[in-house]
Amino acid sequence: MDFSNDLAFAQTLDEADTLKDFRSQFWFPQHNGNDAIYLCGNSLGLQPKQTQEVIAGQLTAWRNYGVEGWFEGEEPWLPYHKKLAPLLGQIVGAKPEEVTVMNSLTVNLHLLMVSFYKPAGKRYKIIMEGGAFPSDQYAVESQVRFHGYDPKDAVIELFPRDGENTLRTEDITSSIDTNAEELALVFFAGINYYTGQLFDLKAITEAGHKAGAYVGFDLAHAAGNVPLQLHNWGADFACWCSYKYMNSGPGGISGVFVHEKHHNDQSLNRLAGWWGYKLDERFKMVPGFKPELGADGWQVSTSPILLMAAHYAALQLFEKAGGIEVLNDKSRKLTAYLEFLINDVNAQIGDELFKIITPTDTAQRGCQLSIICKHSGKAIFDYLVAKGVIGDWREPDVIRVSPVPLYNSFADVYYAAKYLLEAAQQFK
Ligand SMILES: *Cc1c(COP(=O)(O)O)cnc(C)c1O
């Protein structure tokens, strides 16, 4: 598609956008009386307007029923999570019984590693992307130590080749092959939080399984951003948060995927709690843990219904919009327009001040672009903030911006680039 750097062009794209009405279903932070240009869905998605009402509905149920709310009312709490699983399954490419919601992300990563990091003999290493999100690094290191190994030896981190910013799939798969006999677990993000690179999860799964290792993913930046096929790829496990691209509120409940091939595997360790017990016998309260079949059997604690309500409200919008594939069609166009505009800003100032490190190949990215500012980065970022552009800043020199198809417009992207140009001219 031929893009053009002018507002009328952006507005024409917005008029033709079949998803344009969804924008009005979200609350935007205000800047000088107008909607901020919110490009920070990679960090915290905006609040859907219906969230308040859906949560209020559960507060009312609590008020009216007290403890009976677990079984009574229009939406009893005991099976409430079952409403979420099919919607989430659509988004991550899983069967409903392969998905559950519980806890928060890093907690779930630990719980899943209890099941799927089973070091034994010379097979004790974990291979992962270098520069992973810090929480994942800490989780992996502490798991390795917990099993008595030294992270320096047991964690293999893969970094891009010299002079490159992102990993090549062939380098990932060949490193997995090379280390095959020592690998217990292949663990990758779906999308790296810093570079915005979307990894080839199918290829990584295949390579990991060929090596005889389990394969798991942290989909914090991928779930709700790009289409996924967890079931068909055969990934063993995955987890993600709901507050980034799934708009389910700060610290919102996390999602978990466990492939059905593991549902009956009694050899997997689980840190059990009563909420994972077979639902039809849970309230017999007898000794001896019997897990519910499916991902639900990994639950530990009583469902946080208010968080689940926020998640339910937000997930309904994905379904209403026609699903993740439809959203991704718009997403690719939005991000391509942003990329075009940033390159145009460089052309106008006659300098490659802004270097996009996220891959250009749409198969290797979601909506986020990570932009290295060759100089004056923080001043430029602060200029954007003063103009009402909300993105985020990562030391030492990266601005991340993520136009989201549910609530961002082509005009948002146009304005972000306009202010970027103004900043570049000011801080030459
Ligand atoms: C956002 C993010 C987290 C945050 O985890 P919490 O437990 O929700 O704080 C962890 N890992 C990755 C890859 C993330 O992007």
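Notes on the structure in this doc start here. What you see is a predicted model; the values in this text were computed from it and never measured.

So, how was this worked out
Residues numbered from 1 in each chain as written. Predicted model: local features only at pLDDT ≥ 70, side-chain atom pairs only at ≥ 80, totals over all residues. Heavy atoms only, no water. Helix = DSSP H or I, 4+ residues; strand = E, 2+ residues; numbered from the N terminus. Contact = heavy atoms within 4.5 Å. Buried < 20%, exposed > 50% of the residue type's maximum accessible area, 1.4 Å probe, protein only. Pairing = 2+ DSSP bridges. Near = heavy atom within 4 Å. Polar contact = N/O pair within 3.5 Å; in protein donor to acceptor, adjacent residues only side chain to side chain. Areas by Shrake-Rupley, 256 points an atom, 1.4 Å probe, with all protein chains shown as cover. Nonpolar A, V, L, I, M, F, W, Y, C, P; charged D, E, K, R; others polar. Phe/Tyr/Trp six-rings, centres within 6.5 Å; stacked < 30°, edge-to-face > 60°. Axes fitted to C-alpha atoms, helices over the stretch in contact; angles between N-to-C directions. Parallel < 35°, antiparallel > 145°, perpendicular 65-115°, else oblique.

Quick look at the environment of Gly66 now. Tracing the backbone shows Gly66 in the loop between helix H2 (50-65) and helix H3 (81-92). Sequence separation between Gly66 and Tyr138 is 72 residues; the distance between their C-alpha atoms is 40 Å. In this view, Gly66 contacts Ala61 and Trp77; residues no more than four positions away in its chain are not counted.

Within strand S14 (residues 369-373), five of the five residues are buried, which leaves it mostly tucked inside the rest of the structure. Burial along S14 is two-sided: the residues Leu369, Ile371 and Cys373 and Ser370 and Ile372 are all buried. Strand direction decides the pairing type here: strand S13 (residues 354-356) and S14, joined by three bridges, are antiparallel. Across the sheet, Lys355 pairs through a bridge with Ile372, a residue of S14.

Moving on, we get to the site of the ligand. Taken together, Leu105, Thr106, Phe133, Asp136, Asp218, Ala220, His221, Tyr243 and Lys244 are the residues near the ligand. With respect to the ligand, the side chain of Asp218 contributes an N or O atom lying 3.1 Å from a nitrogen atom. About the coverage of the ligand: the protein hides 84% of its 390 Å² of free accessible area. Taken together, the residues of the shell around the ligand break down into four nonpolar, two polar and three charged.

The tally for this structure, following the rule as stated, stands at 27 aromatic pairs. Note on Phe3 and Phe9: the rings are 6.3 Å apart at their centroids and 85° apart in plane angle, and the pair reads as edge-to-face. In this structure, Phe3 and Phe9 share a single accessibility class: buried. Ring geometry for Phe28 versus Tyr407: centroids 6.0 Å apart, planes at 90°, classification edge-to-face. Of this pair, Phe28 sits in the loop between strand S1 (26-27) and strand S2 (30-31) while Tyr407 sits in the loop between strand S17 (398-401) and helix H13 (410-426), and the two are 379 residues apart along the sequence. On the basis of relative accessible area, Phe28 is assigned to the buried category, the value being 9%.

On the basis of which strands lie adjacent, the open sheet formed by seven strands has the order S6-S12-S11-S10-S9-S7-S8 and mixed pairing. The strands lining the two open edges of the sheet, one partner per strand, are strand S6 (99-102) and strand S8 (155-158). Shown here is a sheet whose adjacent strand axes are inclined to one another by a mean of 20°, direction ignored. In this structure, strand S9 (residues 183-189) lies alongside strand S10 (residues 214-218), joined through five bridges in parallel fashion. What sits directly across from Leu185, in S10, is Tyr214. Of the strands in this sheet, strand S7 (125-129), S8, S9 and S10 touch helix H5 (residues 134-146), which is tilted by about 175° from S7. Those strands touched by helix H7 (residues 169-178) are S7, S8 and S9, and its axis lies near 165° from that of S9.

This brings us to the packing of helix H1 (residues 7-16) against H13. It is at 7 Å that the axes of H1 and H13 come closest, and there the two elements cross at 155°. One way to sum up the angle between H1 and H13 is to call them roughly antiparallel. Contacts from Leu7, Ala10, Leu13 and Asp14 in H1 reach Phe410, Ala411, Tyr414 and Tyr415 in H13. Across the contact of H1 with H13, the residue classes tally to seven nonpolar, no polar and one charged.

Keep in mind that these numbers describe shape and distance, not what the molecule does.
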